[in-house]
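# Geometric and topological summary
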Amino acid sequence: MQKIFVLTESDFISPSFDLLNASTGSFTWKTPSNIALVKYWGKQEPQIPENTSISFTLDACFTLTTLEFSKKENTSSNFDFEIYFEGEKKDDFKPKIQKFFERIEQYVPFLNEYKFVIKSRNSFPHSSGIASSASGMSALALCVMSLEKELNPTISEEYFNKKASFLARLGSGSACRSIEGELIVWGNHPAIEGSSNLYGVKFPAKVHENFKNYHDTILLVDEGEKQVSSTVGHQLMYNHPFAKQRFQQANDHIEKINEVLKNGDLKQFISIVESEALSLHAMMMTSNPYFILMKPNTLKIINKIWEFRASTKSNICFTLDAGANVHVLFPEKEKEIVNNFIIKELIQFCQENHYICDRIGIGAKLISNM
Ligand code: DP6
């Protein structure tokens, strides 16, 4: 059996490279979003999760990012970059990227030797309420890793992916689960061999047939900007009265879902996934200050799903991220009956009838290397 290596922080510090290997060029990566089954909510510096999480990598929801680079004539200590999003120059995105570069600089010291132009776009509408930080930050991390590989072609694919995930994590925690597919675990857990707080790893065991091609139809209940960002939500887990129990619950769920993913028990899967979604929102409702991200239509959809499941014995279930949208999860085998149900009964609760048909995906893809 192949030995799984766990890397430590110092493994991610690059040696100095011969920058002549890459003076100008560009990389384009297409990177998926992901949906957590067991949620990450609560962290320590520097982006260390309080509990283990696991997600399905998605397919249709992705970010496409091009990083153009050119060697600076005179080295300065400042980062030099411009950002375009969907064709428009976006100076208001700069502070987030600046912070990301500051955090990763010690691992990729060649960063301020270059001038960058970042051009990014999402497959999903920016205002859809779908978090773009996971796909956005993982795309940028992969572009930076492509530059590292240009400078040091000897790095292995395994190291490349792990370091991309490590860097992405420093941009946004959930982004470290958007490098590979189909199921990614982030956070050290005794039941998951090779798992780490520093980067995401592929679920190490063979996944049961029931989860092949699993569907995620995202019902866009509220396309507006969230009132409370995930970053603020994570902070509210400090001194949260139920934090300890919540982190324990999530780690117990990881242990259970680890078995379920291998044995294909869909009833158990549903019970873990829905409990996770509601526990996440329960944390929001019980933090100080408290807040609610669900909308009346979120609850209407949940109730409809429960009624449908009770009357048809379908294995449909839902999960939520930090917002009002509902992710409807179902096995490939049930796609016809569930799709009919969604169109007939659920779309009416979406803003302007908007929804996205997505499914489990295999991870990021290098689109061009010039
Ligand atoms: C509810 O990864 O967006 O989607 O690390 O502060 O960038 P930061 O937070 P983020 O949090 C995601 C929270 C979640 C659950 C999850 O994806 O596990």
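Look up: the structure comes first, before these words.
Residues numbered from 1 in each chain as written. Predicted model: local features only at pLDDT ≥ 70, side-chain atom pairs only at ≥ 80, totals over all residues. Heavy atoms only, no water.

### Observations concerning the overall build of the protein chain
On a plain count of helices and strands, the protein chain comes out with eight helices and 14 strands. For the protein chain, the C-alpha radius of gyration of 21 Å lies close to 21 Å, the compact-globule estimate for 370 residues. In terms of its C-alpha atoms, the protein chain occupies a principal-axis envelope of roughly 70 × 50 × 40 Å. Across the 370 residues of the protein chain, 55% fall into the buried class. Of all intrachain contacts in the protein chain linking residues separated by at least 6 positions in sequence, the fraction that spans at least 24 positions is 77%. Here the protein chain holds 39 positive side-chain charges and 43 negative ones, and the gap between their average locations is 3 Å. (Helix = DSSP H or I, 4+ residues; strand = E, 2+ residues; numbered from the N terminus. Rg over C-alpha atoms; globule rule 2.2 N^0.38 Å. Buried < 20%, exposed > 50% of the residue type's maximum accessible area, 1.4 Å probe, protein only. Contact = heavy atoms within 4.5 Å. Lys, Arg positive; Asp, Glu negative; His and termini not counted. Charge placed at Lys NZ, Arg CZ, Asp CG, Glu CD.)

### A look at the site of the ligand
In the vicinity of the ligand lie 16 residues, with Tyr-40, Ser-172, Gly-173, Ser-174 and Arg-177 positioned nearest. A distance of 2.7 Å is found between an oxygen atom of the ligand and a side-chain nitrogen or oxygen belonging to Lys-43. In the environment of the ligand, an oxygen atom lies 2.7 Å from a nitrogen or oxygen atom belonging to the backbone of Gly-173. About the coverage of the ligand: the protein hides 92% of its 460 Å² of free accessible area. By residue number, the principal contributor to the shell around the ligand is helix H4 (residues 230-235), which donates three residues. Residues belonging to the shell around the ligand are distributed by class as follows: five nonpolar, eight polar and three charged. (Near = heavy atom within 4 Å. Polar contact = N/O pair within 3.5 Å; in protein donor to acceptor, adjacent residues only side chain to side chain. Areas by Shrake-Rupley, 256 points an atom, 1.4 Å probe, with all protein chains shown as cover. Nonpolar A, V, L, I, M, F, W, Y, C, P; charged D, E, K, R; others polar.)

### Overview of the pattern of salt bridges
Per the stated rule, a full pass over the model turns up 13 salt bridges. One salt bridge connects Lys-163 with Glu-148, and the closest N-O pair in it is separated by 2.8 Å. One end of the pair, Lys-163, is in helix H3 (residues 157-171); the other, Glu-148, is in helix H2 (residues 133-151), and 15 residues separate them in sequence. Glu-148 carries the same exposure label as Lys-163, and that label is buried. Arg-309 is the salt-bridge partner of Glu-274, the closest N and O atoms lying 2.7 Å from each other. Taken together, the residues Glu-274 in helix H6 (residues 266-285) and Arg-309 in helix H7 (residues 296-312) connect sequence positions 35 residues apart. (Salt bridge = Lys/Arg side-chain N within 4 Å of Asp/Glu carboxyl O.)

### Brief notes about the packing of H2 against H3
As a packed pair, H2 and H3 sit with axes 8 Å apart at the nearest point and diverge in direction by 135 degrees. The angle between H2 and H3 places the two elements in the oblique class. With respect to the hand of their crossing, H2 and H3 are arranged in right-handed fashion. Side by side, H2 and H3 meet where Met-137, Ser-138, Ala-141, Leu-142, Val-144, Met-145, Ser-146, Glu-148 and Lys-149 of the first sit next to Tyr-159, Phe-160, Lys-163, Ala-164, Leu-167, Ala-168 and Gly-171 of the second. Each residue belonging to the contact of H2 with H3 can be placed in one class, and the counts come to 10 nonpolar, three polar and three charged. (Axes fitted to C-alpha atoms, helices over the stretch in contact; angles between N-to-C directions. Parallel < 35°, antiparallel > 145°, perpendicular 65-115°, else oblique. Left-handed = near helix turned anticlockwise from the far one by under 90°.)

### What to know about the environment of Phe-62
Mapped onto the elements, Phe-62 comes out in strand S4 (residues 53-71). Given the relative accessible area of 17%, Phe-62 is considered buried. Those residues in contact with Phe-62 that lie beyond four places of it in its chain are Lys-30, Thr-31, Pro-32, Ser-33, Arg-121, Asn-122, Ser-123, Phe-124 and Ser-135.

### A look at the pairing of strand S13 (residues 355-359)
Residues of S13 alternate between two faces, with Ile-356 and Asp-358 buried on one and Tyr-355, Cys-357 and Arg-359 left unburied on the opposite face. In this sheet, S13 lies alongside strand S10 (residues 215-219) in antiparallel orientation, the contact comprising five bridges. When the bridges of S13 are listed, Leu-219 appears paired with Tyr-355. (Pairing = 2+ DSSP bridges.)

### Some points on the sheet that holds strand S11 (residues 317-319)
Read from one edge of the open sheet, four strands run S11-S12-S10-S13, paired in antiparallel fashion. The open sheet has two free edges, formed respectively by S11 and S13, since each of these has just one partner strand. Averaged over neighbouring strand pairs, the angle between their axes works out to 25 degrees when direction is ignored. As judged from the five bridges shared by S10 and strand S12 (residues 326-330), these two strands associate in the antiparallel manner. Within the sheet, the bridge partner assigned to Ile-218 lies in S12 and is His-327. Of the strands in this sheet, S11 and S12 touch H6, which is tilted by about 30 degrees from S11.

### A short note on helix H1 (residues 94-104)
Residues of H1 that are buried include every one of Ile-97, Phe-100, Phe-101 and Ile-104, and no others. Looking straight down H1, one finds its buried side chains confined to an arc of 100 degrees; they lie on one side. Each element contacted by the buried residues of H1 is listed here: strand S5 (80-85), strand S7 (114-122), H2 and H3. (Arc of directions from axis to C-beta.)

### Observations regarding the nonpolar core
Core analysis: the largest hydrophobic core is formed by 77 residues, its most contacted members being Ile-54, Phe-101 and Phe-269. The leading source of residues in this core is H2, at nine residues. (Core = buried A, V, L, I, M, F, W, Y, C linked by side-chain atoms within 4.5 Å.)

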